[in-house]
Amino acid sequence: MSHGFETLAIHAGQEPEARTGAVIPPIYQTSTYAQDAVGAPRQGYEYSRSGNPTRDALQECLAALEGGQVGLAFASGLAAEDTVLRGVCAPGDHVVIPDDAYGGTYRLFARVAQRWGLAYTPAKVSDPDAVRAAIRPGSTKIVWIETPTNPLLGIADIAALATVAHDAGALLVVDNTFASPYLQQPLALGADVVVHSTTKYVGGHSDVVGGALVVADPDLGDELRYHQNAMGAINGPFDAWLTLRGIKTLGVRMDRHCDNAERIASYLESHPKVAQVLYPGLPSHPGHEVAAKQMRRFGGMISFRATGGEEHAVEICNRARLFVLAESLGGVESLIEHPGRMTHASAAGSPLEVPADLVRLSVGIETVEDLLADLEQALG
């Protein structure tokens, strides 16, 4: 029997505990496990880097929510990204990345993976022809996309780019952090690997850092599971438990995030001190039609450009009160930040440098009238 998203979020990988009937998976806070005999670990558990029942529950739930075969949980989103890069690529290989990527992802490619011998080319992922042109036949192993992108909210056509990648013998990796599995399921559209910073919408409460990979092919899943264990960047059992707790309300939270973001995007679009609003739910957004085709709704992230330039953008961030000035995103509370000086500072001077007048909002689930009032006073 197939179940709906909210049912899977609450039950997948989370059957009542066998010994006591506890309805919530226990936190197996242990580093090692007693074995029944030499070479006979009980239920396959021998050491918690290699396997832990709490982490396994999270991994099973993540796989179910993304419609994948294998889910893997990590200590952070970047740990998940590093694992897929080293699990799939070798020195001398090449990856196409977005020309509007998360600053931490860019830093991983430019200052870590490149020193290891992995080349990369930024491309406009909203343009399949630009991605195709960036591919190096024979050496491109991954086409890496975000959709929506961070922080310019660009939209990539996942199905079209899956065809582009597969025609070149490459994998399509989709960072689904901004959308969450509730709003978008890339594997169903042809992607090979989904990446999440579970710190964000999946966890949803700004109280735990984590990352995840979900894959469609069991053989690729086995390879990445091997690297997960060999590289060791796993999350602890309490972190896994907190992430599972957050997942249970993902659907209802995302609906409120979207409700609030739609109201705020419309307000900003008509404000005289806002030069441009970047939100895929607006018909004015160039990726609106593609987003409507592949997303359930349009998410809780909004970026906008201030009419007064960089200093005005910084002033807006500093004047906000209910919107907390902070990095990260996807929690129940609303956040505001200046990407050029904060989350994307590492991309300064590169092809991925973001506009200096850009402000990014992570719209929370507060009363929307209170959020609108805060923006009104912050805009000045």
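Residues numbered from 1 in each chain as written. Predicted model: local features only at pLDDT ≥ 70, side-chain atom pairs only at ≥ 80, totals over all residues. Heavy atoms only, no water.

Enquirer: Sorry if this is basic, but what is going on with the pattern of salt bridges here?
Expert: Side chains that carry opposite charge are capable of pairing whenever their charged atoms lie near each other. The full count for this structure, using the stated rule, is 16 salt bridges. Between Asp-259 and Arg-297 there is a salt bridge, and its shortest N-O distance comes to 2.7 Å. With Asp-259 in helix 10 (residues 250-269) and Arg-297 in the loop between helix 11 (288-294) and strand 11 (301-306), this residue pair connects regions lying 38 residues apart in the sequence. Exposure remark for Asp-259: the relative accessible area of 36% places this residue in the partly exposed category. Across the salt bridge formed by Arg-341 and Glu-310, the nearest N and O atoms sit 3.1 Å from each other. Of the two residues, Arg-341 is situated in the loop between strand 13 (335-337) and strand 14 (358-362) and Glu-310 in helix 12 (residues 309-319); the sequence distance between them amounts to 31 residues. (Salt bridge = Lys/Arg side-chain N within 4 Å of Asp/Glu carboxyl O. Helix = DSSP H or I, 4+ residues; strand = E, 2+ residues; numbered from the N terminus. Buried < 20%, exposed > 50% of the residue type's maximum accessible area, 1.4 Å probe, protein only.)

Enquirer: For this particular structure, what's the right way to read the sheet that holds strand 4 (residues 94-98)?
Expert: Pairing between sheet strands relies on hydrogen bonds along the backbone, with the strands arranged either parallel or antiparallel. The seven strands lie next to each other as 3-9-8-7-6-4-5, forming an open sheet whose pairing is mixed. The open sheet is flanked by strand 3 (70-74) and strand 5 (119-123), the only strands paired with a single partner. Neighbour-to-neighbour, the strand axes of this sheet turn through a mean angle of 20 degrees, independent of strand direction. The pairing of strand 7 (residues 171-175) with strand 8 (residues 193-196) spans three bridges and is parallel. Each residue of the ladder has a partner; that of Val-174, found in strand 8, is Val-194. Helix 3 (residues 77-88) contacts strand 3, strand 4, strand 6 (140-146), strand 7, strand 8 and strand 9 (211-215) of the sheet and is inclined by roughly 160 degrees relative to strand 6. (Pairing = 2+ DSSP bridges. Axes fitted to C-alpha atoms, helices over the stretch in contact; angles between N-to-C directions. Contact = heavy atoms within 4.5 Å.)

Enquirer: For this particular structure, what's the right way to read the side chain of Asp-93?
Expert: Within the secondary structure, Asp-93 sits in the loop between helix 3 and strand 4. When its relative accessible area of 12% is taken as the criterion, Asp-93 is described as buried. There is a polar contact of 2.8 Å between the side chain of Asp-93 and the backbone nitrogen of Ala-90. The residues touching Asp-93, leaving out its near neighbours within four places in the chain, are Val-88, Gly-117, Leu-118, Ala-119, Ser-139 and Lys-141. (Polar contact = N/O pair within 3.5 Å; in protein donor to acceptor, adjacent residues only side chain to side chain.)

Enquirer: I'm lost on the environment of Ala-179 in this one. Help?
Expert: Of note, Ala-179 is situated in the loop between strand 7 and helix 7 (180-183). Look at Ala-179 and you get buried, because its relative accessible area is 0%. Each C-alpha atom, one on Ala-179 and one on Gly-299, is 5.9 Å from the other, the two residues being 120 residues apart in sequence. Residues within four places of Ala-179 in sequence aside, it is in contact with Thr-147, Pro-148, Gln-184, Met-254 and Met-295.

Enquirer: How should helix 9 (residues 237-247) be read in this particular structure?
Expert: Helical geometry note: an α-helix holds 3.6 residues per turn, so side chains three or four residues apart project in the same direction. Residues of helix 9 that are buried: Pro-237, Ala-240, Leu-242, Thr-243, Leu-244, Gly-246 and Ile-247. Close packing links the buried residues of helix 9 with helix 1 (5-11), helix 2 (53-66) and helix 10.

Enquirer: Just to check I follow, could you spell out helix 10 for this structure?
Expert: Compared with an ideal rise of 1.5 Å per residue, which puts 20 residues at 28 Å, helix 10 spans 28 Å between its outermost C-alpha atoms and is within 8% of the ideal. The complete set of buried residues in helix 10 reads Leu-250, Gly-251, Arg-253, Met-254, His-257, Cys-258, Asn-260, Ala-261, Ile-264, Ala-265, Tyr-267 and Leu-268. (Expected span 1.5 Å × (residues − 1).)

Enquirer: Which parts of the structure should I look at to understand the environment of Glu-337?
Expert: Among the secondary structure elements, Glu-337 is positioned in strand 13. Taking the relative accessible area as the measure of exposure, Glu-337 reaches 0% and is therefore buried. The spacing of Glu-337 and Val-359 is 22 residues in sequence and 6.0 Å in space, taken between C-alpha atoms. Those residues within four positions of Glu-337 in sequence are excluded, and the remaining contacts are Cys-317, Leu-325, Ala-326, Met-342, Thr-343, Leu-358, Val-359 and Arg-360. A polar contact is formed between the side chain of Glu-337 and the side chain of Thr-343, at a distance of 2.7 Å.

Enquirer: Would you explain the packing of aromatic side chains in this entry?
Expert: Note on aromatic pairs: each is described by the distance of the centres and the angle between the planes. As enumerated under the stated definition, the model contains six aromatic pairs in all. Aromatic side chains Phe-5 and Tyr-182 sit 5.2 Å apart centroid to centroid with 65 degrees between the ring planes, which places their arrangement in the edge-to-face category. Pair noted here: Phe-5 is in helix 1 and Tyr-182 is in helix 7, with a separation of 177 residues, a long-range link. Here the two residues Phe-5 and Tyr-182 agree in accessibility, since each one is buried. Linked through ring pairs, Tyr-106, Phe-109, Tyr-120 and Trp-144 together constitute an aromatic cluster. (Phe/Tyr/Trp six-rings, centres within 6.5 Å; stacked < 30°, edge-to-face > 60°.)

Distances and angles like these do not, on their own, reveal function.
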